[in-house]
Amino acid sequence: HSWLSPPLIKALTEMHVTGPVIPRGYAASDHARVRVHSVEAFDSSGTLVAGELGYSVGAIYTSMSGFSEASDAGTVQCATLGVHLHACGMQYWDLGMSMDYKISMGAYEVARQRFLVILRTVRDVAPSQPLSIGPLLGSDLLCPLLHIKAPVRQILLPGG
């Protein structure tokens, strides 16, 4: 069962098979490629409880679609992803449409014209490290930030 539409599944599958896409008008530089990422959150028993699909180009990451199966799992996944994006040198995170939970986590709306200026600027900037680095534990990312020793839910960021 999937929340994704068949045309989106087809497009993402093709991108996975052919590899990162180079937008029209761009040289084949590595950071100008559009990469699709899957972010999953698992609870302590290994059950998938939240996740999202997104893509990156240059130093901007865009969340496309997500789901949550457990209370606060999406918030933990989102917070952990934010820490990881920052650690990788991503300069902006496009969260898509405005929603109360995003605003409560510090997101803010940007006018379309301002967004296009930002996009044109950061899509040509290489992040300090690639996002596709394999599985990570959410506790490894969040606990030092929160100054706690207790582990939090595991978040896996598999190579995308």
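The preceding data block contains the structure.
Just so it is clear, the structure is predicted and the values come from calculations on it, not from any experiment.

So, how was this worked out
Residues numbered from 1 in each chain as written. Predicted model: local features only at pLDDT ≥ 70, side-chain atom pairs only at ≥ 80, totals over all residues. Heavy atoms only, no water. Buried < 20%, exposed > 50% of the residue type's maximum accessible area, 1.4 Å probe, protein only. Helix = DSSP H or I, 4+ residues; strand = E, 2+ residues; numbered from the N terminus. Pairing = 2+ DSSP bridges. Expected span 1.5 Å × (residues − 1).

(A) Local environment of the pairing of strand E2 (residues 48-57). Burial analysis of E2 places eight of its ten residues in the buried class, the great majority of the element. Pairing between strand E1 (residues 35-42) and E2: eight bridges, direction antiparallel. Paired with Phe42 across the two strands is Leu48, which belongs to E2. In this antiparallel pair of consecutive strands, E1 and E2, the connection spans five residues, and Gly46 shows a positive phi of 90°. Looking at chain direction, E2 and strand E3 (residues 60-68) are connected through eight bridges and run antiparallel. When the sheet's bridge partners are listed, Ala50 is paired in E3 with Ser68. Linkage of E2 to E3, two consecutive antiparallel strands, is achieved through a turn of two residues, within which Gly58 is found at a positive phi near 60°.

(B) View of helix H2 (residues 73-87). The terminal C-alpha atoms of H2 lie 21 Å apart, and with 15 residues this matches the ideal 21 Å at 1.5 Å per residue to within 8%. Within H2 the residues assigned to the buried category are Ala73, Gly74, Gln77, Cys78, Thr80, Leu81, Val83, His84 and Leu85. Phi for Gly89, located one or two positions after H2, is positive at around 85°.

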